[in-house]
Amino acid sequence: MIVNQAVYEHGRRLAEPVALEDTYEQSRREGVFAWIGLLEPSEEEFESVRREFGLHELAVEDAIVAHQRPKLEFYGDSLFIVLKTVRWIEPDERIELGEILIFVGDGFIVSVRHGEPSLRDVQLQMEQRPDLLAQGPSAALYAIVDRVVDDYEPVIEELDSAIRETETDVFSPSSSHPAGRIYELKRAVLELHTVVAPLSPAVEKLATIEHPLIDKDMHPYFRDIHDHLLHASSRVEGFRELLTSILAANLTQASVRQNEDVRKISAWAAIIAVPTLITGIYGMNFEHMPELTWRIGYPLALSVMGLACFLLYRQFRRAGWL
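Residues numbered from 1 in each chain as written. Predicted model: local features only at pLDDT ≥ 70, side-chain atom pairs only at ≥ 80, totals over all residues. Heavy atoms only, no water.

Caption draft 1: Broad picture of a nonpolar patch on the surface. A cluster of nonpolar side chains, contributed by Leu277, Ile281, Tyr282, Met284 and Leu292, occupies part of the molecular surface with about 470 Å² of accessible area. Here leucine 277 lies in helix H9 (residues 219-282). For leucine 277, a relative accessible area of 57% translates into the label exposed. (Patch = residues over 30% accessible without salt bridge, like charges linked within 9 Å, V, L, I, M, F, W, Y side chains within 5 Å. Areas by Shrake-Rupley, 256 points an atom, 1.4 Å probe, with all protein chains shown as cover. Salt bridge = Lys/Arg side-chain N within 4 Å of Asp/Glu carboxyl O. Helix = DSSP H or I, 4+ residues; strand = E, 2+ residues; numbered from the N terminus. Buried < 20%, exposed > 50% of the residue type's maximum accessible area, 1.4 Å probe, protein only.)

Structure follows, in structure tokens:
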């Protein structure tokens, strides 16, 4: 459905049109452009917008179905860009994806939103910059892309914090096993990589392309977004490598802990074997065993067992097995 319909003339908002046809007619005037926002429209709801503004059928199909990868395409005299939004879900430590698909043409910009976030505050902020909004639809496009990219930063920080906690956990003396958490974080990082990496070349193209729909004065603004994307992409790539190293370290630590457990079990088994051996010998019912008649036989056997166990225990402690 249409959630926003506004017309701007030289950066100033005009009275809101009553009908979509009026919006289109006003956008035909010099220095005027229309900004239309839709939220998860059906094919029938989007048909009137497609018809009025002459949007390409392939791009319209992508906008309705969604689930597209970030990209920038040109259809005749219009531009179509797909953006992925991200939101960090704290309890589950996962990323929730949304999608914004934008059509830019002569005198109009149409945004189709699937999921969070709302673009209302973006529009209100731009209305405080009529000098920038006077650049036309490309200024509105910049505002949306800039907000989407800015929203990547908090998610990256949350991921960074979670990865640092996991790294500390792996090398802590406790016997925790964070392998499951590592895999979940790797999944989140891979999802974020599929969001950030494809968008970088698209924004770079907006920052350099000579096209009637992109005002030259907006190139520095898109270059600034591209710089932020490069930084974000670099950090995400670093997360991928770091998590791979953490997972390898965790497997090594688990192997070391397992070996330590085996050594402890072996050491205690060796200590217990000595008294077991002695009691086993003297538990045999043979008649001619001279030690059985010794008055000090019993305390001597206990003393030998205790001394042997003590010596073995001290040796294993020195060797680090216990």
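Caption draft 2: Up close: the sheet that holds strand E2 (residues 12-13). Spatial ordering of the open sheet is given by E2-E1-E3-E7-E6-E5-E4, a layout of 7 strands whose pairing is mixed. Each having just a single partner strand, E2 and strand E4 (71-75) make up the two edges of the open sheet. Sitting on the sheet, helix H1 (residues 20-27) is in contact with strand E1 (2-9) and strand E3 (32-39), with an inclination near 145 degrees to E3. Set on the sheet, helix H7 (residues 152-170) makes contact with strand E5 (78-89) and strand E6 (94-105); between it and E5 the angle comes to about 35 degrees. (Pairing = 2+ DSSP bridges. Contact = heavy atoms within 4.5 Å. Axes fitted to C-alpha atoms, helices over the stretch in contact; angles between N-to-C directions.)

Caption draft 3: Representation of the pattern of salt bridges within the structure. Tallied over the entire structure, the rule returns 19 salt bridges. Residue aspartate 160 pairs with arginine 235 through a salt bridge whose shortest N-O separation is 3.7 Å. In this pair, aspartate 160 is assigned in helix H7 and arginine 235 in helix H9, connecting sequence segments 75 residues apart. Assigned by exposure class, aspartate 160 and arginine 235 land together as buried.

Caption draft 4: Fine view of the side chain of aspartate 160. On the basis of relative accessibility, which here comes to 14%, the residue aspartate 160 falls in the buried class. Setting aside anything within four residues of it in sequence, one finds aspartate 160 in contact with Arg235 and Phe239.

Caption draft 5: Region of the structure containing the environment of proline 117. With respect to the secondary-structure elements, proline 117 resides in the loop between strand E7 (108-114) and helix H4 (120-127). Classification of proline 117 by relative accessible area gives partly exposed; the value is 23%. Separated by 77 residues in sequence, proline 117 and threonine 194 place their C-alpha atoms 19 Å apart. Beyond its immediate stretch of four places on either side in the chain, proline 117 contacts Thr85 and Asp151.

Caption draft 6: Structural view of the packing of aromatic side chains. All chains considered together, the criterion is met by 8 aromatic pairs. Here tyrosine 8 and tryptophan 35 contribute two aromatic rings whose centre-to-centre distance is 6.3 Å and whose plane-to-plane angle is 50 degrees, an arrangement assigned as tilted. Of this pair, tyrosine 8 sits in strand E1 while tryptophan 35 sits in strand E3, and the two are 27 residues apart along the sequence. Judged by its relative accessible area of 0%, tyrosine 8 falls in the buried class. Counting every residue linked through ring pairs, the aromatic cluster contains Phe46, Tyr75, Phe80 and Phe103. (Phe/Tyr/Trp six-rings, centres within 6.5 Å; stacked < 30°, edge-to-face > 60°.)

Caption draft 7: A look at the pairing of E6. Burial of E6 is extensive: 9 of the 12 residues sit out of reach of the surface. Between E5 and E6, which pair antiparallel and follow one another directly, the connecting turn spans 4 residues, one of which, glutamate 93, has a positive phi of 50 degrees. Sheet topology places E6 next to E7; 7 bridges connect them, and they run antiparallel. In the sheet register, glycine 105 faces E7, and the bridge partner there is phenylalanine 108. Counted along the chain from E6 to the antiparallel partner E7, the turn is 2 residues long, and its residue glycine 107 has a positive phi close to 90 degrees.

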